[in-house]
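Structure at a glance
Each chain, written out:
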Amino acid sequence: MVASPALTTVRARTLFTPLDAGGRADAVTRRLAQAIRLGLLLDGERLPAESRLAGQLGVSTVTLREALAALRTMGLVETRRGRGGGSFVRAPGEAGRLERPLRLLSLHQLRDIGDHRAAIAGTAARLAAERALATDVSTLREHAERLRGAAALTGRRRADARLHIEIAATAQSPRLTREEMDLWSEIGDLVWLPLDGADVTAAARDHDLLIDAIEAHAPAQAREIAERHVAAETARLLDLRLSLHRR
Amino acid sequence: MTAAPASAGEDLLAAVTATIGRVLVSVTGVGGALAALAAAAGRRPLRRADLATLRPLVAQVLARHRGFAAGAGVVLAPDALADAPRWIDWWWADEGIGQLQVDLDPGSAEFYDYTTTEWYREPARTGLPCIAGPYVDYICTREYTFTVSVPVVAGGRFLGVAGADILASEVERMVLPGLSLLGPAHQPAVLVSGSGRVIASSSASILPGEVLRLAGPGGDDRCGGDDRCGGDDGGGGRPGTMTASGPLPWVLLGGPASAAVARDEPATAG
């Protein structure tokens, strides 16, 4: 945790020059949010006490509290109670930046996306199991291996998307393939948002089972595994969406 | 399993071979022009701008095979050009003509690694023309597609491939009337790729994209291992590999046996 007891640096003066008389909560919100995104305020940094910060910004504590509440909703500030408490900066990492699009989706929309994905991925898996050749299976295994080796979020997202698009291509269906492509370009970033290293292992296990079922020409099993895989990812997204309100 | 013996069937295969062969000849012309460019440049490595002289030729290919070839162009081997590690100069025909835009940066989320595709890999490996597919081409045509490609070599160095995309629906349109007209003894009549993937069929119970599980010459349960260019046709070549003047690596099947095979039932010859 980085402490900044006295914000007397140039950066602090720039940030906290008083807002003009009409300064409103959203102006404060914008200014602080920008400072956090630009890295002027560091992750974990404790903001000055409310009365002092309000004084530095030239707004009332009521206005400041409004702004802090907005920043909390945006996930950029975390307020802890009790001894050692206060408002702390939560700088958006790779995942943090991606939380914004998630906020724009309702739980109903997320559930609906999950339903759509399950329909496409489930049918693609079933048909792929009926129609795959040995070379298709090798291609799928290559893509599954690439996901296992991907370190960063963008790498995982790309490898995961390609694997699912390849499964739809293995189903010999241009329409299902286009649906998978559209779905992944729409929600690909979101899918990997709540996932960490442990989930990569879980996803990789699902993918291996799915490819095994495709290789064994077991359509019903392939479909069931694909649907279960999508349902688990949807459940994690829904949890994350709900948790945004608890911060 | 029996191959359809009817001469009508052979005529059908000859006709589709001739049409695809004409595309192959056009594509070979583009490949030759690329090789000539490299030869003329001598020791100076080619640059992207040099490829502009190929474009009228590619446009001619698309015009000549309008409605049949959906895209055409050249795809460069990694490091074949001085100013791009990887390069695709590929054009699609629609109302007009447009250039295919793909992400060739290996670090990007949308990176397209064309070196793993059958239509690139097989000519690079065998030095022979190839017909890949049918496969779902989600990069260019976004349709069920064949790609014919030829290797381009200059001064003993593999420069890349020249190729063209052919829509599977056009091939079906060409062969389906003929399949349906084969005699009753040859129904259902099914055209399959060298690896057993159905290209066209005269019966709704055997559909394009399905795999006929055949007893191959090597005892495999399939015609071959690959629906694109790979596999083993038992004759030393590969199902997807063609010679410039040789036949397509496709098989015409006819009679009740083909229906039995499609359902994984034991097929009785004759």
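Residues numbered from 1 in each chain as written. Chains lettered and ligands numbered in written order. Predicted model: local features only at pLDDT ≥ 70, side-chain atom pairs only at ≥ 80, totals over all residues.

**A look at the overall build of chain A**
Of regular secondary structure, chain A possesses 11 helices and 2 strands. When each of the 247 residues of chain A is scored for burial, the buried share is 36%. (Helix = DSSP H or I, 4+ residues; strand = E, 2+ residues; numbered from the N terminus. Buried ≥ 20, exposed ≤ 12 C-beta atoms within 10 Å, placed from the backbone.)

**A few points about the packing of helix H1 (residues 7-41) of chain B against helix H4 (residues 168-181) of chain B**
Residues and elements named next belong to chain B. For the pair H1 and H4, the least separation of the axes is 10 Å and the interaxial angle reads 170 degrees. Considered as vectors, H1 and H4 are oriented roughly antiparallel to each other. Packed against H1, whose contacting residues are Ala-8, Leu-12, Val-16 and Thr-19, the element H4 presents Val-171, Met-174, Val-175, Gly-178, Leu-179 and Leu-181 at the interface. Considered class by class, the residues forming the contact of H1 with H4 number 8 nonpolar, 2 polar and no charged. (Axes fitted to C-alpha atoms, helices over the stretch in contact; angles between N-to-C directions. Parallel < 35°, antiparallel > 145°, perpendicular 65-115°, else oblique. Contact = placed C-beta atoms within 7 Å. Nonpolar A, V, L, I, M, F, W, Y, C, P; charged D, E, K, R; others polar.)

**Focus on the pairing of strand S5 (residues 144-154) of chain B**
All names here are of chain B. Within S5, 9 of the 11 residues are buried, leaving the element largely enclosed by the surrounding structure. Direction of pairing for strand S4 (residues 130-136) relative to S5: antiparallel, over a ladder of 5 bridges. Within S5, the residue paired with Val-136 across the bridge is Tyr-144. Inspection of the sheet shows S5 paired to strand S6 (residues 157-167) by 10 bridges, in the antiparallel sense. Paired with Thr-147 across the bridge in S6 is Asp-165. (Pairing = 2+ DSSP bridges.)

**Side note on the environment of B:Pro78**
All names here are of chain B. Mapped onto the secondary structure, Pro-78 falls in the loop between strand S1 (69-76) and strand S2 (87-93). Taking the number of C-beta atoms within 10 Å as the measure of exposure, Pro-78 has 13 and is therefore partly exposed. Distance in space between the C-alpha atoms of Pro-78 and Leu-159 is 8.4 Å, their sequence separation being 81 residues. Beyond its immediate chain neighbours, meaning those up to four positions away, Pro-78 contacts Pro-85, Arg-86 and Thr-115.

**Quick word on the sheet that holds S1(B)**
All names here are of chain B. Taking strand neighbours across the sheet as the criterion, the 6 strands line up as S3-S2-S1-S6-S5-S4 in an open arrangement whose pairing is antiparallel. Whereas interior strands pair on both sides, the edge strands pair on one side only; in this sheet they are strand S3 (97-99) and S4. Across this sheet, the average inter-strand angle for adjacent strands is 20 degrees, counted without regard to direction. Across the sheet, helix H2 (residues 55-64) is in contact with S1, S2, S3 and S6; its angle to S1 comes to roughly 155 degrees.

**Comments concerning helix H3 (residues 118-126) of chain B**
Quick reminder: α-helices carry 3.6 residues per turn. Residues three or four places apart thus point the same way. All names here are of chain B. Buried within H3 we find Glu-118, Trp-119, Tyr-120, Glu-122 and Pro-123. The inward-facing, buried residues of H3 contact S1, S4, S5 and S6. The first or second residue beyond H3 is Gly-127, which carries a positive phi of 75 degrees.

**Points about the sheet that holds strand S7 (residues 190-192) of chain B**
Residues and elements named next belong to chain B. Ordered in space as S8-S7-S9, the 3 strands form an open sheet in which the pairing is antiparallel. The open sheet has two edge strands, strand S8 (198-201) and strand S9 (251-253), and neither has a second partner. The sheet shows a mean angle of 20 degrees between the axes of neighbouring strands, direction not considered. Relative to S9, S7 runs antiparallel, the two sharing 3 bridges. Following the sheet pairing, Val-192 is matched in S9 by Val-251.

**Thoughts on the pairing of strand S1 (residues 77-80) of chain A**
The two faces of a sheet get side chains in turn, since along a regular strand they alternate between them. Residues and elements named next belong to chain A. For S1 and strand S2 (residues 86-89), the ladder comprises 4 bridges, and the chain directions are antiparallel. Looking at S2, one finds that Glu-78 is bridged to Phe-88. Linkage of S1 to S2, two consecutive antiparallel strands, is achieved through a turn of 5 residues, within which Gly-82 is found at a positive phi near 80 degrees.

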